[in-house]
Amino acid sequence: MNAQDAVLETGYNSGIPPVNYLNIKTTLASWLLTKDHKRIAIMYLISVSVFFMIGGLFAATIRLELLTPASDLLETGTYNKVFTEHGIMMIFFFLIPSIPAVLGNFLIPIMIGAKDLALPRINLLSLYIYWTAGALALYGLMVGGVDTGWTFYTPYSTTFSNTYVMIVGLAIFINGFSSILTGLNFIVTIHTMRAPGMTWFRLPLFVWAHYAVSLVMILGTPVVAITVLLVAIERVSRVGIFDPSIGGDPILFQHLFWFYSHPAVYIMVLPGMGVVSELISNFSRKKIFGYEFIAFSSIAIAVFGFLVWGHHLFVSGQSPYAGMVFSFLTMVVAVPSAIKMFNWTATLYKGSVSFDTPMLYGLGFMGLFLIGGLTGLFLGSMGLDVHLTDTYFVVAHFHYVMVGGQVIAYLGGIHYWWPKMTGRMYSEFWGKISAMLVFVGFNLTFFPQFLLGYMGMPRRYAAYPPEFQVLNIFSTAGASVLGIGMLMPVIYLLHSLKFGKPAGDNPWMLPGLEWRTTSPPPLENFATPPVVTWEAYEFGEGSGLDLEEARRRAAAPATL
Amino acid sequence: MQTTNWVPLFPEQASTFAWQVDALYFYLVAVSIAFSIPIVLAIFVFGMKYREREKYVSGAEIHGSMVLETTWSIIPFIVSMTIFLGGAIVFFNQMTPPDDAMTVYVVGKQWMWKMQHETGQREINELHVPVNRTIKLTMTTEDVIHDFGLPEFRTKADVVPGRYTYLWFNATKPGKYHLFCQEYCGLNHSGMGGWVYVMEQRDYDNWLSGNASGQTPVEMGKDLFENKLGCASCHAGGPQQRGAKLEGVYGTTVKLTGGGTVLADDNYIRNSILNPASQVVEGYQPIMPTFKGQVTEEQLNALVAYVKSLTPGAATTSAAPASAAPSAASNTMGGNSASGGANSMTPPKADRGKRDAPGSNPNTPSNSNTR
């Protein structure tokens, strides 16, 4: 590498430092026994990518089956397993860990100026727990799979399903501990490890979002663990908990399940909002509009998110008065989400907006989350939910939030911090192409499903009446575009590892602490412990960045 | 589905409240557009107007605006409240059948729907109903949770094992409409559906008379009660009887041993047959054996219909009197109304007085609403 010759007077390093966290030791054991949050994050990155691809293959299978009304590609029993496993892989093994365990793990310590997370061994433990759970889940798939839907509704899951509910349930139970430990680690780290001068209101909003999400992880995940345990107890010992034929209550399961699984939606989307706050502000080179409002709206979403689970039960036989309370609170949650949208939009005003690949994902997130959020109001409105629940409208809505929101934000974040994580730039050209393909393919896949849902097409159907076929063809065609858009980053990002041009410490000249260390960072993140003297998203003189020098370099490139 | 759609890709409106759901839908579409257009437009305009002119130039120093933050908190809140209220009003219309409902009993099982009319006719995966009549479905299932979904009528309800849930509609035009199971129920979930045939009254009468009716639910229940199950040996109503008197009990509030009370509705009768010891009427001994496992869901429906028929005001013959006090219970659609005031689907004003009593019951019926 030509690291030496690139060290400028300003201390700006435009090459790859000869010693960094990636090459300081290279044995397998040095990775598997590492306590470095960055290496753990990289191992998480590889693992969640594997699960994302498995989940994606299931998704492709679903879309192919639904190309025709009859259940012809797959038998209905196989289809039921495929959509169940798509859900389980994507939710428990991709969406929930993705941003927190990869980007959060890598960036939180650097962003607050710490050497590592507060509990590095616990961090490694949570990775091993995740691997154990993931291996068990894959084993469950290989021996025969599970067909209960990712929701495991009783008494089907406890009494009637003769698939491998126990193995997969155990995997989810174990995986919960990984989440809990990660959340705990983040909270302790954010409280105790901030660098001198890094006050709470100088924290990047990415960190605030992770603080909020950690609260949800710690308070919500134990409930789903207990619920899965109760399912296991009933399944094995026939103690009547959920099955009415032995004295249980099936609706009780739904309350317990959604008490976690609704907040889990926020576990999935809040970190995405954190990433997008970074992208919008940094690529507008302007302090984010209404910092405090965005920070506290994350906390508000996390808190209110615990009080709305009953909106999944409007037609389940839940009391209609309870339904009214849940519907009301659901509407209240819309407000902090709206606040975020408006603040992001206002941030662009009088900025200096550039459209690099991460920003394209950031703007794509805003468009898709807008639709995802607004259609949430349709479903939170009780009279309309009676018609829409358990149809493709719901499927479209949560994919707009989960994929249009979280996955897009994750991809944006990966592109944004890729130069920091690997020290190399990817191809900007292919990055932009793939970002646009993902956006177009996504809308083509899922927008028709809103119409299908209103027409009444039920979800989880292997076969459907022929009048729904046209829109399903659109959806499957869109899924192919989306699939190509998602595969492209795998190729050009891997390509960049060897052939990408060195990114330098701060390829975009941004003020965050993560851009004030080398790319990739050294073992303990900073050569000298940083002292923070600037506000969050400070792009002006106060940031201490030598913008003149950077501009000169940009104007006279390729002098190396 | 019928092909008289005036909007493409839109389901037909075929029930009395379908237009309300659609109105709510179009209101929400309008709200969505009203919010999306300014935001998307602003993103485009700001993105173009303030795009990067020179590398590394900082944007303007703007940190926020209390006025704007307040505005864009309050406006979405007010709008979301209109959505909430509209949704709640439509929901209570969907949940509250008019008094003159004609009952059809529905039993779901993996993977078929079994219906029985009050007049005795049975159907599988098909339901024939007259147009412009209120149809109330009393539903349960033999195995897992199913959901009786009628998209053209804009309504659906989960069908839950171990309890009764209810659904009502009043079809506005003759035709053939989808019936879907809309709660995932296993292997052949996507095959568990059928059709609802809405017919002119005359055609419906012809259909009824063309189908062997067999016993009506009440007759079948009477037969079970007096002969097959021998309930009458204790419950026939004489002064020396060991079992509680059942005449006139439906829809009243029953005092239980231990001091609680319970509203005698469908779920209460069902529970008293399956779990008799869980709710013992005051003054009686808990000596009744359970009938769990000995009666099918259809037989339970018949027994409930028979017990109901012993109360003149709540008779299951097609038109229940509108205002008779005991009939109030038959008009509620709460799947578990016995467990407390909050669990009825009837709007508060209709019969709030009757709601209070069951709320104080410490021994909530175990079957229908274990907490």
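In case you missed it, the structure is sitting above this.
Residues numbered from 1 in each chain as written. Chains lettered and ligands numbered in written order. Predicted model: local features only at pLDDT ≥ 70, side-chain atom pairs only at ≥ 80, totals over all residues.

Q: Would you take a moment to explain the overall build of chain B for this structure?
A: Along its length, chain B carries nine helices and twelve strands. With 371 residues in all, chain B has 44% of them scored as buried. Within chain B, contacts between residues at least 6 apart in sequence are counted, and of these 66% link residues at least 24 apart. (Helix = DSSP H or I, 4+ residues; strand = E, 2+ residues; numbered from the N terminus. Buried ≥ 20, exposed ≤ 12 C-beta atoms within 10 Å, placed from the backbone. Contact = placed C-beta atoms within 7 Å.)

Q: Teacher, can you tell me more about the pairing of strand S9 (residues 175-181) of chain B here?
A: All names here are of chain B. Along S9, five of the seven residues are buried, which leaves the element largely enclosed by surrounding structure. Bridge count between strand S6 (residues 146-150) and S9: two bridges; the pairing is antiparallel. From the neighbouring strand, phenylalanine 148 faces S9, where its bridge partner is cysteine 181. Inspection of the sheet shows S9 paired to strand S10 (residues 193-199) by six bridges, in the antiparallel sense. (Pairing = 2+ DSSP bridges.)

Q: Help me understand the interface of chain B and chain A, please; the structure alone is not making it clear to me.
A: Reports often express the size of an interface as the amount of accessible area lost when the parts come together. Listed per partner, the contact involves 87 residues of chain B and 85 residues of chain A. When contributions to the side of chain B that touches chain A are tallied by element, the ones reaching two or more residues are helix H1 (18-49), helix H2 (66-95), S6, strand S7 (155-159), S9 and helix H9 (366-369) of chain B. When residues of the side of chain B that touches chain A are assigned to their parent elements, the largest contribution, 19 residues, is made by H2 of chain B. The class makeup of the residues in the side of chain B that touches chain A is 44 nonpolar, 31 polar and twelve charged. (Nonpolar A, V, L, I, M, F, W, Y, C, P; charged D, E, K, R; others polar.)

Q: I would appreciate a short explanation of unusual backbone geometry in the present structure.
A: One can expect most non-glycine residues to show negative phi and most peptide bonds to be in trans. Note that the residue after threonine 154 of chain A, namely proline 155 of chain A, is joined by a cis bond; omega there is 0°. For the bond from serine 519 of chain A to proline 520 of chain A, the omega torsion is -5°, close enough to zero to count as cis. For lysine 350 of chain A, which is not glycine, the phi torsion reads 60° and is therefore positive. The backbone of asparagine 132 of chain B sits at a positive phi, close to 55°, despite the residue not being glycine. Mapped onto the elements of the fold, asparagine 132 of chain B is located in the loop between strand S4 (126-130) and strand S5 (134-141). Given 13 C-beta atoms within 10 Å, asparagine 132 of chain B falls into the partly exposed group.

Q: Before we go on, may I ask you to explain helix H9 (residues 291-304) of chain A in this structure?
A: Along an α-helix, residues three or four positions apart point the same way, because every turn accommodates 3.6 residues. In this model H9 of chain A runs 20 Å from its N-terminal to its C-terminal C-alpha over 14 residues, within 8% of the 20 Å that 1.5 Å per residue would give. Among the residues of H9 of chain A, those classed as buried are Tyr291, Phe293, Ile294, Ala295, Ser297, Ser298, Ile301 and Ala302 of chain A. Where the residues of H9 of chain A are buried, they touch helix H7 (205-237), helix H8 (250-283) and helix H10 (320-348) of chain A together with H2 of chain B. (Expected span 1.5 Å × (residues − 1).)

Q: Just to check I follow, could you spell out the sheet that holds S6 of chain B for this structure?
A: Each strand in a sheet pairs with its neighbour through backbone hydrogen bonds, running either in the same direction (parallel) or in the opposite one (antiparallel). All names here are of chain B. The strand order S4-S10-S9-S6-S7 describes an open sheet built from five strands, whose pairing is mixed. The open sheet has two edge strands with one neighbour each: S4 and S7. Ignoring strand direction, the axes of neighbouring strands in this sheet form an average angle of 20°. Of the pairings in the sheet, the one linking S4 to S10 comprises five bridges and is parallel in character. Across the sheet, valine 129 pairs through a bridge with valine 198, a residue of S10. (Axes fitted to C-alpha atoms, helices over the stretch in contact; angles between N-to-C directions.)

Q: What's the story with the sheet that holds strand S1 (residues 102-109) of chain B in this structure? I'm lost.
A: All names here are of chain B. Reading across the sheet, the five strands line up as S3-S2-S1-S5-S8 and stay open at both edges, with mixed pairing between neighbours. A strand with exactly one partner marks an edge of an open sheet, and here the two such strands are strand S3 (122-124) and strand S8 (165-170). Shown here is a sheet whose adjacent strand axes are inclined to one another by a mean of 25°, direction ignored.

Q: How should I be thinking about the nonpolar core in this particular structure?
A: For soluble globular proteins, nonpolar side chains are generally found buried alongside one another. Core analysis: the biggest nonpolar cluster contains 232 residues, and Val207, Ala212, Ile267 and Leu270 of chain A together with Val106 of chain B have the highest contact counts within it. Broken down by element, the residue count for this core peaks at 21 residues, all from helix H3 (residues 76-111) of chain A. Discounting residues that sit within four places of it in the chain, isoleucine 267 of chain A has contacts with Ile96, Val213, Val216 and Met217 of chain A. The next biggest cluster of nonpolar side chains, apart from the first, holds 24 residues, and it includes Val218, Phe225, Val249 and Val254 of chain B. (Core = buried A, V, L, I, M, F, W, Y, C linked by C-beta atoms within 7 Å.)

Q: I'm lost on H10 of chain A in this one. Help?
A: Residue and element names in this part refer to chain A. Look at H10: 43 Å from first C-alpha to last across 29 residues, which is about the 42 Å you get at 1.5 Å a residue. Counting buried residues in H10 gives 24 out of 29 residues, a clear majority hidden from the surface. Positive backbone phi, approximately 60°, marks lysine 350, located one or two places after H10.

Q: Honestly, the pairing of S8 of chain B in this entry has me stumped. Any pointers?
A: Each regular strand shows side chains that alternate between the opposite faces of the sheet. All names here are of chain B. Burial runs high along S8: six of the six residues are buried. Alternating residues of S8 divide into Thr165, Leu167 and Phe169 and Tyr166, Trp168 and Asn170, and every residue in both groups is buried. Direction of pairing for S5 relative to S8: antiparallel, over a ladder of six bridges. The residue bridging leucine 137 from the neighbouring strand is leucine 167, located in S8.

Q: Honestly, the packing of H10 of chain A against H2 of chain B in this entry has me stumped. Any pointers?
A: It is at 8 Å that the axes of H10 of chain A and H2 of chain B come closest, and there the two elements cross at 150°. Comparing the axis directions of H10 of chain A and H2 of chain B gives the class roughly antiparallel. As for how H10 of chain A packs across H2 of chain B, the hand of that crossing is right-handed. Of the residues assigned to the contact of H10 of chain A with H2 of chain B, the class counts are 21 nonpolar, four polar and no charged. (Parallel < 35°, antiparallel > 145°, perpendicular 65-115°, else oblique. Left-handed = near helix turned anticlockwise from the far one by under 90°.)

Q: What exactly am I supposed to notice about the packing of helix H2 (residues 37-65) of chain A against H3 of chain A here?
A: In a packed pair of helices, the relevant descriptors are the angle between the two axes and the axis-to-axis distance. All names here are of chain A. Two elements in contact, H2 and H3, have axes whose closest approach is 8 Å; the angle formed by their N-to-C orientations is 155°. Judged on the interaxial angle alone, H3 and H2 are roughly antiparallel. Relative to H3, the crossing made by H2 is left-handed. Residues that form the contact of H2 with H3 fall into these classes: 23 nonpolar, six polar and three charged.

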